[in-house]
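# Structural characterization, general
Residues per chain, in single letters:
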Amino acid sequence: MFPAILTSLLASAGPRPATVWMPPQASTVAAEVDFLFNFINWICYVFFVLIAVLLVYFVWKYRRSPENHAGSAQGPTHNTALELTWTGIPLALVIAIFYLGFRGYVDLAVIPRNAYEVEVTAKQWSWSFKYPNGATSNDLYVPKGTPVKLVMRSDDVIHSLFIPDFRVKKDVVPGRYTYLWFEAPYATGDARPEHGHHLFCTEYCGTEHSNMNRRVYVLEQAQFDEWVDKQARWIDEIDPDELYFKAGPRLFVLCSQCHSIDGRDGNGPSWGPRAAAGLGNIWERTRDLKTPLVGGRTLADIIGPGKEYGTPEDYLRDSIVNPARHLVAGYGNAMPTFRGQLNDKKLDALVGMMKRIDEFNPDGSWKGAARAAPAGE
Amino acid sequence: MTTLDLTRPAPPPPAPAEDNYLTHTRGFLSWAFTLDHKRIGVMYMVSVLVSFFVGGIFALLLRTELLTPGPETIPGITADRYNVLFTLHGAIMVFLVIIPSVPAALGNFVLPIMLGAKDVAFPRLNLASYWLWLAGAAFTVLSLIMGAFDTGWTFYVPYSTKTTFEGVIPVLIGVFILGFSSIFTGMNFVVTIHKLRPPGMTWFRMPLFLWALYATAIIQVLATPVLAITLLLIIIERVTHIGIFDPAWGGDPVLYQHFFWFYSHPAVYIMILPAMGIVSELISVHSHRHIFGYRFIAFSSVAIAIFGFLVWGHHMFTSGQSPLMNTIFSAITFSVSIPSAIKVFNWLATLYKGSISLNTPMLYGLSFIILFSIGGLTGLHLGALATDIHLHDTYFVVAHFHYVMMGSALIAMIGGLHHWWPKMTGRMYDERWGRIACLLVFVGFNVTFFTQFLLGSQGMPRRYYLYQPEFQVYHVISTLGSYVMALGFAITAAYLLHSLRAGRKAPANPWGGRSLEWQCASPPPHDNFATTPRVGDCYDFSVIQWDEREQGYIVRRDLDPSLRAPGAAGGH
């Protein structure tokens, strides 16, 4: 009751800003959770002060001087009424806390029927969000004022999706589906990352666990509809000639957890020059068939007329959809398959980006056609 | 029957070449194959403190790395190394330090003497327990050499079944072995307390430390086998690919969490219950007065041990287990808070009208009450469902369990170490340095971990190598606190070691304790007591007097009315 009133009062304003204890309240359940949190806090303050003050007072009042060697002091050894009192009062308080916690949890656990469904796939180490119309994204976009239900699954180990500003969290467990729901009453816009809400992975999942965080953007319904529509078709709207530098960087986000562009070693080989191994960038070493493979072979053994791959491009493409088939020497079988997630045009964009990797900054953004032929060619 | 030491102050001031457990026999083998519970306790204590040092160094490396939000604050500490470090820190501190620290190290030394017994019921099992501990520790080191494991101390599947085989399997075998070490100690204590209590010591005349060790031993014996089974199942799944926990083979990862926490939650009480027992002794002895509410404290230990078995699911509120189970586990969880609160109030009431000596052990005892209060109260946020969903797996949890496991369990252990140090070593340490170090540890601890409550409730997840820049100020404060705490522990190590060489010789009873360990010499002779002494009310301090010649207290057994019961043996 109380939190509902609070929410409606605040509906016209923005989210209630962060306090010293809690991040901003940006979901419909946040106020109720925070009310309980503060309620428990106050119980803690009262009991802590009581305990600390009594402790300090008794220690001061009944302290003995170093010269005092009295063997004993006489004080009461028990008082059943007192002891039952300090059993009963905490008992009543924890029953109240349990009840409030349970009531709040019901709101967190019961998903409204009309909720908008987003499919979530977690894997080491990225999130993928898929919307009913087939659009996908790496950050989460949701419509304002609509209950959103996340249907979550994991490709590998346990992850956990946590949005502090919404006070929601649920593990993402391989081999089963889990649900999470929330409703965000305030729009963030999608203009700048710092306007979005944090989305963290909170179940330890390996090397890049702490990097597995994205943003949540809350859009006005109309803006969201437009976004999700465009998102489903975004790659179709790009001119084929511009594909590698317009679509490439967007798709590279999926790859960037493990592959760098500046030559820095990661969980996977860098797309940039592997100077330490005496190799060029991903296209140079693939084109020249130099990359050494696990088992002592090189690309020359598998690429060429009559071999497994007719062209270096075929090999690069298959490495994305079928990464376990051939492993680059020095790297484990860590890469998940992107089969079914990336259509032909997207794969083409990524292969195109690899072939012109010199044109990209370390963060994946396009520098411009720095080394391309002069205009008017 | 006057061969007891309890006829003090009859003998002249301690002769230099006295026979005690340290001088009784000599040589490496006399220690390695000793059956003397005191020597085994001392060896456990040294091993635990060495492990604590190693785990502490790892903690300082972690805290230093977290000074900046970016990678490699310390060059060379990459994400993978960081993950290995926090795993090792947790595994060492839990399995090698806190679980054995009070029962196996202090308990081993004190329990038989408190009972007036010559040793535990099964001395050979006791030695086997120590050797198993060493074997378990060796496997942990082995896993480091073979391919460091980075699963977190919880070994959650399927992550632990997917990462390096060489790293994970040895440490699982190591923890399996450590479990048996713990079970052996527990069995020994249960039998010893049942069978070797001295005449006059009914269950409700036992020192509260013994009640706590008894409750702990029950948990050790009942819960640890489940951990052993679980770890074996992981190894079996890994080797044979029979689907148990890993969905890739048809298993269920949430089942693993149930098994793991079925042990590891009671394990929290293996850590905290004996600590509470120590604190009952510290508060009573250094207030020189009868403990308040003996029965409530004793029963609350047993209540915690029982309830502790029924709350494991509160580690899994976000795991996908059913809302009904979450609700039930939340409700039972709150039941544990009641006996904990009762203990705190009883300790406070013991201070009332006491005659309080602020000795170093007492300062640790008081620190415990404050830190345990914070640790316990913040458990309310985590037991309540709606708030736990937000706080689960954040630094709030990290702060909460450090307040309980370190601020409470370890601080009580350090307090107990100071309390029984004169008894174990026969030497007094420097009180002034002791108090300074305790203050540094107390302040450093709160600076380190209180800030982490704020970090957590603001949304900072745990086990993060990189973090958002807005969290940096908290991390910097926390890290500075950890340095202050480290300084406190370094000072502690220095003056304790110094006391071994240069410390004043300890009297039999430096603090004015009433239980039996204060009625034999410091350090105790090999056999503790020549004959089994009869005991009275172990919290009746009225029979304690200061003795100038001894520079310590003596227990005037001749004044104890409960010892004049018909047929009383021993005494005069």
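Just so it is clear, the structure is predicted and the values come from calculations on it, not from any experiment. (Residues numbered from 1 in each chain as written. Chains lettered and ligands numbered in written order. Predicted model: local features only at pLDDT ≥ 70, side-chain atom pairs only at ≥ 80, totals over all residues. Heavy atoms only, no water.)

Helix and strand counts for chain A come out as 8 helices and 10 strands. Its C-alpha radius of gyration of 29 Å places chain A more than 25% over the 21 Å reference for a compact globule of 377 residues. For chain A, the spread of C-alpha atoms along the three principal axes comes to 95 × 60 × 40 Å. When burial is assessed residue by residue, chain A has 50% of its 377 residues classed as buried. Here the analysis covers contacts within chain A between residues at least 6 apart in sequence; of these, 60% occur between residues at least 24 apart. Carbon and sulfur atoms form 56% of the exposed surface of chain A, whose accessible area is close to 17,700 Å². For chain A, the distance from the average position of its 38 positive side-chain charges to the average position of its 41 negative side-chain charges is 4 Å. (Helix = DSSP H or I, 4+ residues; strand = E, 2+ residues; numbered from the N terminus. Rg over C-alpha atoms; globule rule 2.2 N^0.38 Å. Buried < 20%, exposed > 50% of the residue type's maximum accessible area, 1.4 Å probe, protein only. Contact = heavy atoms within 4.5 Å. Areas by Shrake-Rupley, 256 points an atom, 1.4 Å probe, with all protein chains shown as cover. Lys, Arg positive; Asp, Glu negative; His and termini not counted. Charge placed at Lys NZ, Arg CZ, Asp CG, Glu CD.)

Right, let's get into the packing of helix α2 (residues 30–61) of chain A against helix α3 (residues 80–109) of chain A. Residue and element names in this part refer to chain A. Packing of α2 against α3 leaves a shortest axis separation of 9 Å and a crossing angle of 165°. By the angle between their axes, α2 is roughly antiparallel relative to α3. Our pair here, α2 against α3, has a crossing hand that is left-handed. Contact residues: α2 offers Glu-32, Val-33, Leu-36, Phe-39, Ile-40, Ile-43 and Phe-47, while α3 offers Leu-93, Ile-97, Leu-100, Gly-101, Arg-103, Gly-104, Asp-107 and Leu-108. (Axes fitted to C-alpha atoms, helices over the stretch in contact; angles between N-to-C directions. Parallel < 35°, antiparallel > 145°, perpendicular 65-115°, else oblique. Left-handed = near helix turned anticlockwise from the far one by under 90°.)

Glancing now at the interface of chain A and chain B. The interface is formed by 81 residues belonging to chain A together with 92 residues belonging to chain B. Together, the buried faces of chain A and chain B total about 7,500 Å²; carbon and sulfur atoms form 69% of this surface. Three residues, Trp-86, Tyr-105 and Tyr-204 of chain A, lead the burial of chain A against chain B; their summed loss comes to 10% of the area buried on that side. Our count for the chain A to chain B interface comes out at 1 salt bridge. The salt bridge partner of Arg-176 of chain A is Asp-252 of chain B, with a shortest N-O separation of 3.0 Å. At the boundary of chain A with chain B, the tally comes to 26 residue pairs in polar contact (both at pLDDT 80 or more). Mapped onto the side of chain A that touches chain B, the elements with two or more residues apiece are α2, α3, β7 (168–172) and β9 (197–201) of chain A. When grouped by side-chain class, the residues that make up the side of chain A that touches chain B number 45 nonpolar, 25 polar and 11 charged. (Buried area = accessible area lost by both parts, 1.4 Å probe. Salt bridge = Lys/Arg side-chain N within 4 Å of Asp/Glu carboxyl O. Polar contact = N/O pair within 3.5 Å; in protein donor to acceptor, adjacent residues only side chain to side chain. Nonpolar A, V, L, I, M, F, W, Y, C, P; charged D, E, K, R; others polar.)

Scanning the entire structure with this criterion turns up 69 aromatic pairs over all chains. Their ring planes at 75° and their centres at 6.4 Å tell us that Tyr-44 of chain B and Trp-133 of chain B sit as a pair that is edge-to-face. With Tyr-44 of chain B in helix α2 (residues 37–65) and Trp-133 of chain B in helix α4 (residues 123–147), this pair connects stretches of sequence that are 89 residues apart. Taking relative accessible area as the criterion, Tyr-44 of chain B reaches 0% and is therefore assigned buried. Look at Trp-133 of chain B and you get buried, because its relative accessible area is 5%. Above the face of the Phe-338 of chain A ring, Lys-123 of chain A is positioned so that its terminal group lies 4.0 Å from the ring centre. The cationic tip of Arg-295 of chain B hangs over the ring face of Phe-204 of chain B; the distance from NZ or CZ to the ring centre is 4.0 Å. (Phe/Tyr/Trp six-rings, centres within 6.5 Å; stacked < 30°, edge-to-face > 60°. Lys NZ or Arg CZ within 6 Å of the ring centre and 35° of its normal.)

Residue and element names in this part refer to chain A. Tracing the sequence through the fold places Lys-346 in helix α8 (residues 344–355). No salt bridge is formed by the buried Lys-346; its nearest oppositely charged neighbour, Asp-236, is found at 8.5 Å. Discounting chain neighbours no more than four positions away, the residues touching Lys-346 are Thr-136, Trp-234, Ile-235, Leu-251 and Gln-341.

The next point concerns a nonpolar patch on the surface. Together, Val-46, Val-50, Phe-53, Val-54 and Ile-57 of chain B give the surface a local cluster of nonpolar side chains, amounting to about 430 Å² of exposed area. Structurally, Val-54 of chain B can be placed in helix α2. (Patch = residues over 30% accessible without salt bridge, like charges linked within 9 Å, V, L, I, M, F, W, Y side chains within 5 Å.)

Once that is clear, we can look at the pattern of salt bridges. Counting across every chain of the model gives 18 salt bridges over all chains. Salt bridges sharing common partners tie together Asp-229, Arg-233 and Glu-237 of chain A.

Let's shift gears to the nonpolar core. Ranked by internal contacts, the top residues of the largest apolar core, which has 256 residues, are Leu-140 and Leu-161 of chain A together with Phe-95 of chain B. It is helix α3 (residues 79–114) of chain B that provides the largest number of residues to this core, a total of 24 residues. Judged by nonpolar contacts, the second largest core, of 36 residues, contains Trp-234, Ala-247, Leu-251 and Leu-254 of chain A. (Core = buried A, V, L, I, M, F, W, Y, C linked by side-chain atoms within 4.5 Å.)

What follows is about α8 of chain A. Between the first and last C-alpha of α8 of chain A there are 16 Å, a value that for 12 residues agrees with the 16 Å anticipated at 1.5 Å per step. Here α8 of chain A has its buried residues at Lys-346, Leu-347, Ala-349, Leu-350, Val-351, Gly-352, Met-353 and Met-354 of chain A. (Expected span 1.5 Å × (residues − 1).)

All names here are of chain A. In space, the 5 strands of this open sheet follow the order β4-β10-β9-β6-β7, with mixed pairing throughout. In this open sheet, the two strands that pair with only one neighbour each are β4 (140–143) and β7. Between one strand axis and the next, the sheet turns through 20° on average, direction left out of account. In terms of strand pairing, β9 meets strand β10 (residues 214–219) through 3 bridges, oriented antiparallel. In the sheet register, Leu-199 faces β10, and the bridge partner there is Arg-214. (Pairing = 2+ DSSP bridges.)

When pLDDT drops low, the exact placement of atoms in the prediction is not to be read closely. All names here are of chain B. Across chain B, the average pLDDT comes to 90, with 95% of residues at or above 70. Taken together, the stretch residues 7–16 has pLDDT below 50 and engages in 8 contacts with residues farther than four places along the chain or on a different chain. Confidence drops under a pLDDT of 50 for residues 566–572, and excluding neighbours within four residues, the segment shows 11 contacts in the predicted structure. Here the predicted complex scores 0.85 on pTM and 0.90 on ipTM. (pLDDT = per-residue confidence, 0-100.)

Strands belonging to one sheet form pairs held by backbone hydrogen bonds; the direction of such a pair is parallel or antiparallel. Residue and element names in this part refer to chain A. Spatially, the 5 strands line up as an open sheet ordered β3-β2-β1-β5-β8, and their pairing is mixed. Of all strands in the sheet, those bounded by a partner on one side alone are β3 (136–137) and β8 (178–183). Two strands pair when backbone bridges link them, and strand β1 (residues 116–123) and strand β5 (residues 147–154) are joined in this way by 7 bridges, in the parallel orientation. In the sheet register, Ala-122 faces β5, and the bridge partner there is Ser-154.

Further remarks concern the pairing of β1 of chain A. All names here are of chain A. Across 5 bridges, β1 lies against strand β2 (residues 126–130) in antiparallel orientation. Residue Lys-123 lies in a different strand from β2, and its bridge partner there is Ser-126. Linking β1 to β2, which pair antiparallel, is a turn of 2 residues.

Residue and element names in this part refer to chain B. Looking at chain direction, strand β1 (residues 544–547) and strand β2 (residues 552–555) are connected through 4 bridges and run antiparallel. Paired with Gln-545 across the bridge in β2 is Ile-554. Linking β1 to β2, which pair antiparallel, is a turn of 4 residues; within it Gln-551 sits at a positive phi near 55°.

We now examine the environment of Pro-71 of chain B. Residues and elements named next belong to chain B. Locating Pro-71 in the fold gives a position in the loop between α2 and α3. Residues Pro-71 and Lys-423 lie 352 residues apart in sequence; the distance between their C-alpha atoms is 48 Å. Every residue in contact with Pro-71, bar those within four places of it in the chain, is listed here: Glu-65, Tyr-465 and Leu-466.

Now for helix α7 (residues 312–321) of chain A. Along α7 of chain A, the residues classified as buried are Pro-312, Tyr-315, Leu-316, Asp-318, Ile-320 and Val-321 of chain A. Where α7 of chain A is buried, its residues contact α6 (282–287) and α8 of chain A.

Residues and elements named next belong to chain B. Relative to the helices and strands, Thr-87 resides in helix α3. Thr-87 sits in the buried class, given a relative accessible area of 0%. Among the polar contacts made by the side chain of Thr-87, one reaches the main-chain amide nitrogen of Gly-152 at a distance of 2.9 Å. Each residue touching Thr-87, except ones within four places of it in the same chain, is listed here: Phe-149, Asp-150, Thr-151, Gly-152 and Trp-153.

Right, let's talk about the environment of Lys-343 of chain B for a bit. Residue and element names in this part refer to chain B. By the secondary structure assignment, Lys-343 is in helix α10 (residues 323–351). Here Lys-343 falls in the buried class, since its relative accessible area comes to 1%. Setting aside chain neighbours within four positions, we find Lys-343 in contact with Met-276, Ile-297, Ser-300, Ser-301 and Ile-304.

Enumeration according to the criterion identifies 0 disulfides over all chains in this entry. Considering cysteine sulfurs only, Cys-258 of chain A is the nearest to Cys-255 of chain A, which forms no disulfide, with 9.0 Å between them. (Disulfide = S-S within 2.5 Å.)

Further remarks concern the packing of helix α5 (residues 243–255) of chain A against α8 of chain A. All names here are of chain A. One way to put it is that α5 packs onto α8 with a least axis distance of 8 Å and a crossing angle of 95°. If you check the angle between α5 and α8, you find them roughly perpendicular. For the pair formed by α5 and α8, the contact residues are Leu-243, Tyr-244, Ala-247, Gly-248, Pro-249, Leu-251, Phe-252 and Cys-255 on the first element and Lys-345, Lys-346, Asp-348, Ala-349, Leu-350, Gly-352 and Met-353 on the second. Residues that form the contact of α5 with α8 fall into these classes: 10 nonpolar, 2 polar and 3 charged.

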